[in-house]
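Remarks on the overall topology
Residue strings, one per chain:
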Amino acid sequence: MTEEKAREPSAAGVGPDVGPREEEVPPRGKWANSKEYLLSMTGGIIGIGNLWLFPYACYQHGGAAFLIPYFLFVLFIGGPLFLLETALGQYTNEGAVTAWRKICPMFEGVGIASQVTVFYMNSYFIVILAWNIFYLIHSFKSPLPWSTCDNEWNSELCHSPVNMIANPHLFSTNTSWSFLNNITLPDDYESIQYFNLTEGSEPDNTPVEEFWRNRVLRMSDELLGKVHWDLALCLLLAWVICYFCTWKGIKSIGKVVYFTATVPYLLLLILFFRAVTLPGASQGLLYYLYPEFGRLADPFAWESAAMCVMHTYATCQGVLTTLGSYNKYNRNCYRDCMALCCLSCVTGIFAGFIVFSVFGFLAHVQGLDMYDVATFGPSLIFKAVPLALSVLPGSTFWTVLFFLTVFLLAVDSQFMFTESLATAITDMFPRHLRRPGAREVLVLVIAVVCFLLGLTFITEGGIIPFRIVDGYGANGSIFLFIACLETIIIGWVYGADRFYDNIEDMIGYRPNAVIKYCWMFITPLIFVLLLMFRMITQSSYLEHGSRLQSVDSIVGFLLFVTPLMCIPVFIFVALWRNPQNMTSPSSDLRQARPHKPVLTLCKRTIFKSQGPPVGTTAERHEKIMMEEPIGV
């Protein structure tokens, strides 16, 4: 029996009924079993951020000492926010927009804001997937195209890493090669840098750098320039895969994740054993794990830890709410959230062993310091690791394995972005979009629109709009603001006690009381402090060390404020629709204890109850019928 039929409207009508009544529209689906849900959640939160974000942040901010702020923020912002969003979806049985509409009509804009950012990410994140496919295809060539200087895109200054790594003593800055032909070297010879892969550095002339710059990006001085059609085909392939894995919603996603969410762990395990056996791996692991507690005095370490938690837990993107909304009403979402939070932490730490073993290898063979080779983001995936793998025996095999791992990690995230957006739109217009065949058309429209927008990022100047969208449209401050509002709405407007009653009604017991006080005080306070810190310390977005042009800054500003403006706009919409019930939850939401205060503090009532009992004998019987079989 579906959850929609199980819920009866309140006799007192304590809240607004927005949109058509649920019995008038086709019912939503449910996960076929627990495994599909857990694997989908795993795919949604475990992504390339675990590979390129957490390990580098750990190295940069004190090694093992960084785990102190990281785990504190897991406890005080990651876990509480993860449970809030997942339980919200499971309780309301709605996507990221309509869930907030039902909980508090006044703040429907919070859900809209999250979906605007998801739309941004749907458009540009998949470009990383297209780059990865491009590299994966070229990984089958022998020799690897980024391992030699014999390609048409290489410049005259290109230097092969095979020779440099095999004979590092000949390529140090104080080595003379004039004995070969008694030639005179250029005056600036000693200033040539061969392996500077750090983000924002001046371009070098290694084959891996020139492949990235001259073959993949093919940058020009034009604003956008022509589209690179080989990359466009990779982008099209990425969207075709994404479409056919998400077009049936959880019915198709639930089957695909059996492969895409499990195989990456096997591949990571294989890469781990190879990485830790490389020469110099111990040096890299020492830099990764050695605790420098003095670094914790730097506020940037704490800000970085908080943002790592936010990004690796996929919060404020509607993904957790969407996936949770397809759960049965009585699923133990509290237990699931704790397990998934631990899994994300362990995966990030484990990935760090792979990444820094590779960095240690690069530093060892070149005689450089770890600081000169450690990097993150696209530079890690598309330059540092391919460089290291290109000089190993069996380089083709290891390179294919690596890019296949990255593909599986990234494609799951893309699935969930698309599903979050599709579910949100479907739940906003259920009478039209829950009809047979309607969802397939909706996902196709999303794919086509985002594909066309994505072509902008694979033009000759596409890396600039890519970084603008990444720096402004997916700016961490947007997610911090949304997260702060989410905790305030649940903690103070809807009522933390009432939400605890809802969770207890679903899972049979109340979560740890600390989470309630996190929602009310600790978590929003941390978000406010982080927002203030970022406002003070962050300057205008920079590209290659120079400030963006005014038109680029304007575009970036519009990308940044558009999702945030949705919040006040929909407050006025709610005021226009029904000013008397702007904060009252929908009457079709089940309230097991409507006479209890919605918020108490130190045994004192802050907000009283808002309605009479709605639980009837028939409704309790319906709840029993919805319970999952034990062991599922």
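The preceding data block contains the structure.
Throughout what follows, the structure given in this document is the object of discussion.

Parameters and conventions
Residues numbered from 1 in each chain as written. Predicted model: local features only at pLDDT ≥ 70, side-chain atom pairs only at ≥ 80, totals over all residues. Heavy atoms only, no water. Helix = DSSP H or I, 4+ residues; strand = E, 2+ residues; numbered from the N terminus. Buried < 20%, exposed > 50% of the residue type's maximum accessible area, 1.4 Å probe, protein only. Contact = heavy atoms within 4.5 Å. Areas by Shrake-Rupley, 256 points an atom, 1.4 Å probe, with all protein chains shown as cover. Disulfide = S-S within 2.5 Å. Patch = residues over 30% accessible without salt bridge, like charges linked within 9 Å, V, L, I, M, F, W, Y side chains within 5 Å. Salt bridge = Lys/Arg side-chain N within 4 Å of Asp/Glu carboxyl O. Expected span 1.5 Å × (residues − 1). Polar contact = N/O pair within 3.5 Å; in protein donor to acceptor, adjacent residues only side chain to side chain. Phe/Tyr/Trp six-rings, centres within 6.5 Å; stacked < 30°, edge-to-face > 60°. Axes fitted to C-alpha atoms, helices over the stretch in contact; angles between N-to-C directions. Parallel < 35°, antiparallel > 145°, perpendicular 65-115°, else oblique. Left-handed = near helix turned anticlockwise from the far one by under 90°. Nonpolar A, V, L, I, M, F, W, Y, C, P; charged D, E, K, R; others polar.

Some details on the overall build of the protein
Check the secondary structure of the protein and you find 26 helices and four strands. Residues classed as buried in the protein amount to 59% of the 632 residues present. Of all intrachain contacts in the protein linking residues separated by at least 6 positions in sequence, the fraction that spans at least 24 positions is 82%. Counting only carbon and sulfur atoms, one obtains 65% of the accessible surface of the protein, whose full area is about 26,100 Å².

Regarding the state of the cysteines
A full pass over the atoms with the stated rule returns one disulfide. Between C149 and C158 runs a disulfide, and the two sulfur atoms are separated by 2.0 Å. Across the S-S bond of C149 and C158 the torsion is about -75°, and the bridge reads as left-handed. We classify C158 as buried; its relative accessible area is 10%. For C245, which is in no disulfide, the shortest distance to another cysteine sulfur is to C242 and amounts to 7.3 Å.

So, a nonpolar patch on the surface
On the surface, F119, V441, V445, V449 and L453 cluster together into a nonpolar patch covering about 370 Å² of accessible area. Within the element layout of this structure, L453 appears in helix α21 (residues 438-454). What makes L453 partly exposed here is its relative accessible area of 37%.

A word on the environment of A87
Positionally, A87 belongs in helix α5 (residues 67-92). Classification of A87 as buried rests on a relative accessible area of 0%. Once residues lying within four places of it in the same chain are set aside, the contact partners of A87 are C333, F499, I503 and M506.

So, helix α2 (residues 34-45)
Between its first and last C-alpha, α2 extends 17 Å over 12 residues, near the 16 Å set by a 1.5 Å rise per residue. The buried count for α2 comes to 10 of 12 residues, which makes it a mostly enclosed element. Where α2 starts, the residue carrying a side-chain oxygen 3.1 Å from the main-chain nitrogen of K35 turns out to be N33.

Quick notes on the packing of aromatic side chains
Following the criterion strictly, the structure yields 44 aromatic pairs and no others. Relative to F382, the ring of Y135 lies with its centre 5.0 Å away and its plane at 35°, an arrangement referred to as tilted. Pair noted here: Y135 is in helix α7 (residues 108-138) and F382 is in helix α18 (residues 378-390), with a separation of 247 residues, a long-range link. Given the relative accessible area of 0%, Y135 is considered buried.

A short note on helix α11 (residues 250-260)
Buried within α11 we find I250, S252, I253, G254, V257 and T260. If you follow the buried residues of α11, they end up packed against α2, α10 (229-246), α12 (263-275) and α19 (395-428).

With respect to the packing of α7 against α21
Two numbers describe a pair of packed helices, the interaxial angle and the distance between the axes. The geometry of α7 relative to α21 is characterised by a closest axis approach of 9 Å and an angle of 60° between their N-to-C directions. With respect to each other, α7 and α21 are oriented oblique. Crossing of α7 over α21 shows right-handed handedness. Here F119, N122, S123 and V127 of α7 lie close against α21, whose contacting residues are V449, C450, L453 and G454. Counted by class, the contact of α7 with α21 contains five nonpolar, three polar and no charged residues.

What about the side chain of H61?
Mapped onto the elements of the fold, H61 is located in the loop between α4 (54-60) and α5. Here H61 falls in the buried class, since its relative accessible area comes to 10%. Among the polar contacts listed, one links the side chain of H61 to the side chain of Q60, at a separation of 3.4 Å. Those residues in contact with H61, other than ones at most four positions away along the chain, are F66, R295, L296, F300, A301 and S304.

A word on the pattern of salt bridges
All told, the structure shown has 23 salt bridges when counted by the stated rule. D588 is paired through a salt bridge with K102; the nearest N and O atoms lie 3.2 Å apart. Placement of the pair is D588 in the loop between α25 (550-577) and β3 (599-601) and K102 in helix α6 (residues 98-103), with a sequence separation of 486 residues. We note that D588, like K102, is buried. Among the ionic pairs, R439 bridges to E419, the shortest N-O distance being 2.3 Å. Of this pair, R439 sits in helix α21 while E419 sits in helix α19; the two residues are 20 residues apart in sequence, bridging distant segments of the chain. Like E419, R439 is buried.

Here's the deal with the packing of helix α23 (residues 476-507) against helix α24 (residues 513-537)
With their axes 9 Å apart at the nearest point, α23 and α24 run at an angle of 165° to one another. It follows from the interaxial angle that α23 and α24 lie roughly antiparallel. Pair α23 / α24 crosses with left-handed handedness. Of the residues in the contact of α23 with α24, the class split is 21 nonpolar, five polar and three charged.

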